[in-house]
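# Results of the structural survey
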Amino acid sequence: MAPPVRYCIPGERLCNLEEGSPGSGTYTRHGYIFSSLAGCLMKSSENGALPVVSVVRETESQLLPDVGAIVTCKVSSINSRFAKVHILYVGSMPLKNSFRGTIREPTLCHCTPARITERDSCDAQSNYLLTTAENELGVVVAHSESGIQMVPISWCEMQCPKTHTKEFRKVARVQPEFLQT
């Protein structure tokens, strides 16, 4: 089995079906393989066949988000007052199970690093209150209504390269040490 190539999040496009065949933790749509889990991307090949693309979770004990931690979230719904999110990573470690969170700024979309400010544990499943108030926190990945990945054009706007539609987003200023080449 090949070593982990990179970490991925649910819904992330991994490759097209000509480059590999889907394995565990993935699904196919429109000729592409997508991740269905937060975890490590693995590619394994036998006898010169197409590599099997799979996503596996860490087998270590469950890491829990804590107040002050930087987390990566996937936005599940947005309204005018807040965004509901699923916390997928604490720092750079993927979680076995996602946790629920709320961000009170409505200008977010898809994949967002944030900092935990509060934990509400009134129910069985904790709900975390998150903020994107720091420059390094905000939207990293967003998709337009046409499904195209948007590009940041300022600290508060992203644009679809295909339709040139602009949308307001609190864009994260990603630090160079976190960029993948």
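Structure shown above.
Throughout what follows, the structure given in this document is the object of discussion. (Residues numbered from 1 in each chain as written. Predicted model: local features only at pLDDT ≥ 70, side-chain atom pairs only at ≥ 80, totals over all residues. Heavy atoms only, no water.)

### Comments concerning the nonpolar core
The criterion, for reference: Put simply, buried Ala, Val, Leu, Ile, Met, Phe, Trp, Tyr and Cys residues joined by side-chain atoms within 4.5 Å make one nonpolar core. Only protein chains enter the accessibility calculation, which uses a 1.4 Å probe. A residue is then buried if its area is under 20% of the maximum for its type, exposed if over 50%, and partly exposed in between. Helix numbering and strand numbering both begin at the N terminus, where a helix is a DSSP run of H or I of at least 4 residues and a strand a DSSP run of E of at least 2.
The biggest cluster of nonpolar side chains holds 14 residues, and the ones touching the most others in it are V71, C73, V85, I87 and L130. For this core, the elements supplying multiple residues, two or more each, are β8 (70-78), β9 (83-90), β10 (93-103) and β12 (127-131). If one sorts the elements of this core by residue count, β9 sits on top with four residues.

### Details of the packing of aromatic side chains
In plain terms, the rule: Only Phe, Tyr and Trp rings take part, Trp by its six-membered ring, and two of them pair if their centres are within 6.5 Å. Stacked means planes under 30 degrees apart, edge-to-face means over 60, and tilted covers everything else.
Applying the stated rule across the entire model yields three aromatic pairs. Each ring, one from Y7 and one from Y89, has its centre 6.1 Å from the other, and the planes form 85°; the classification is edge-to-face. With Y7 in strand β1 (residues 7-8) and Y89 in strand β9, this pair connects stretches of sequence that are 82 residues apart. We classify Y7 as partly exposed; its relative accessible area is 33%. Aromatic side chains Y27 and F34 sit 5.5 Å apart centroid to centroid with 15° between the ring planes, which places their arrangement in the stacked category.

### Quick look at unusual backbone geometry
Here the phi dihedral of H30 falls at roughly 55°; this positive angle occurs in a residue that is not glycine. Here H30 is to be found in the loop between β4 (26-29) and β5 (32-35). Its identity as a non-glycine residue notwithstanding, H164 has a phi of 60°, on the positive side. By relative accessible area, H164 is classed as exposed at 53%.

### Comments concerning the sheet that holds strand β13 (residues 151-154)
As a reminder, the rule being used: What makes two strands pair is DSSP finding at least two bridges between them. Under this scheme, a helix contributes an axis fitted over its contacting stretch, all axes are lines through C-alpha atoms, and angles between N-to-C directions fall in the 0 to 180 degree range.
Reading across from one edge, β13-β14-β15 is the order of the three strands in this open sheet, with antiparallel pairing throughout. Taken across any chain shown, the strands that pair with only one partner, and hence form the sheet edges, are β13 and β15 (166-168). Pairs of neighbouring strands in the sheet enclose a mean axial angle of 35°, with direction left out of account. Pairing geometry for β13 and strand β14 (residues 157-159), over three bridges, is antiparallel. If you follow P152 over to β14, its bridge partner there is M158.

These figures come from the coordinates and say nothing about function on their own.
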